[in-house]
Amino acid sequence: MNQSHALVAIVTLVSLLVYVWMILRIPGARRRAGIDAPAMTGDPALERHLRVQANTVEWLVIYLPSLWLFAIYWNDLVAAALGVVWILGRVVYALGYAADPKKREAGFIIQALATAVLLFGALGRAIYVLIVIGN
């Protein structure tokens with residue numbers, strides 16, 4: 001279990017940069033729509049960008065702890081690879097949803113599956129360690 005976790009640290013930071021990219025797309029959508037803050041509605045394109053950002057932050061809360069716990073209890077390289085899959089899924093989701101809400105499904109499924117493997121993998125291994133090794 002003595003791993004540096006540098007790969008997972010890099011993937012974590014890239015995940016956050018992808019989130020920042022999603023945030024930075026919102027002002028452009030606001031300008032194109034002519035909708036100033038704090039208004040959040042009135043243009044479907046703006047609303048899609050806002051939803052992408054909100055949905056991503058909702059998933060970050062599940063994904064990031066799962067990523068790190070998987071790395072700690074299993075393997076840094078596998079966790080990082082699953083994190084890259086998550087990132088790619090979120091980008092596919094964001095680009096698809098911004099273009100047409102019906103095009104969000106593939107990216108959503110990709111990131112959801114990566115998160116599920118990280119979450120349940122970490123949980124299963126933590127339970128195993130508790131039962132077999134103890135505290």
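Structural data are supplied above this passage.
Every chain is numbered independently, its residues counted from 1 as its sequence is written. The predicted origin of the model limits local features to residues at a pLDDT of at least 70 and limits the giving and counting of side-chain atom pairs to 80 or more, whereas totals for whole chains, interfaces and linings rest on all residues. Here the side-chain values reflect all heavy atoms present in the structure, with hydrogen atoms and water set aside.

Helix and strand definitions follow DSSP, with helices as H or I runs of at least four residues and strands as E runs of at least two, each counted in order from the N terminus. Each helix and strand counted, the protein chain has four helices and zero strands in total. Each of the three principal axes of the protein chain carries a C-alpha extent, and together these read 60 × 25 × 20 Å. For the protein chain, the residues scored as buried account for 39% of the 135 residues in total. Summed over its atoms, the accessible surface of the protein chain is roughly 7600 Å², and 71% of this surface lies on carbon and sulfur atoms. Here the protein chain carries 11 positive and 7 negative side-chain charges, and the mean point of each set is 2 Å from the other. Exposure classes here rest on a 1.4 Å probe applied to the protein chains alone. A residue is buried below 20% of its type maximum, exposed above 50%, and partly exposed in between. For the accessible areas, the method is Shrake-Rupley and the probe is 1.4 Å, while residue cover comes only from the protein chains on display. When charges are tallied, Lys and Arg are placed among the positive residues and Asp and Glu among the negative ones, while His and the ends of the chain are skipped. Here the site of a charge means atom NZ of a Lys, CZ of an Arg, CG of an Asp or CD of a Glu.

With that settled, consider the side chain of N55. Along the polypeptide, N55 turns up in helix α2 (residues 44–73). The class of N55 is buried, set by a relative accessible area of 7%. If we ignore the near neighbours within four places in the chain, the residues touching N55 are R90, Y93 and F108. We call two residues in contact whenever any of their non-hydrogen atoms come within 4.5 Å of each other.

Here, the term nonpolar core denotes a set of buried Ala, Val, Leu, Ile, Met, Phe, Trp, Tyr and Cys residues that are joined through side-chain atoms within 4.5 Å. Y63, L67, A79, W86 and L118 are the most contacted members of the largest nonpolar core, which totals 25 residues. At the level of secondary structure, the elements contributing two or more residues to this core comprise α1 (6–33), α2, α3 (76–99) and α4 (105–132). Apart from residues no more than four positions distant in its own chain, L67 is found in contact with V8, V11, T12, A79, G83 and L118. Of all hydrophobic cores here, the second largest spans five residues; its members include I26, I35, L46 and L50.

Take the environment of S4 next. Among the structural elements, S4 can be located in the segment before α1. According to the relative accessible area criterion, S4 is exposed, its value standing at 66%. Residues S4 and G83 lie 79 residues apart in sequence; the distance between their C-alpha atoms is 16 Å.

For the rest of this paragraph, the subject is the environment of L60. By secondary structure assignment, the location of L60 is in helix α2. For L60, a relative accessible area of 8% puts it in the buried group. Spatially, the C-alpha atom of L60 lies 9.9 Å from that of T12, the residues being 48 residues apart in sequence. Excluding residues within four positions of it along the chain, L60 makes contact with L16, Y19, P65 and W86.

In short, shape yes, function no, at least from these values alone.
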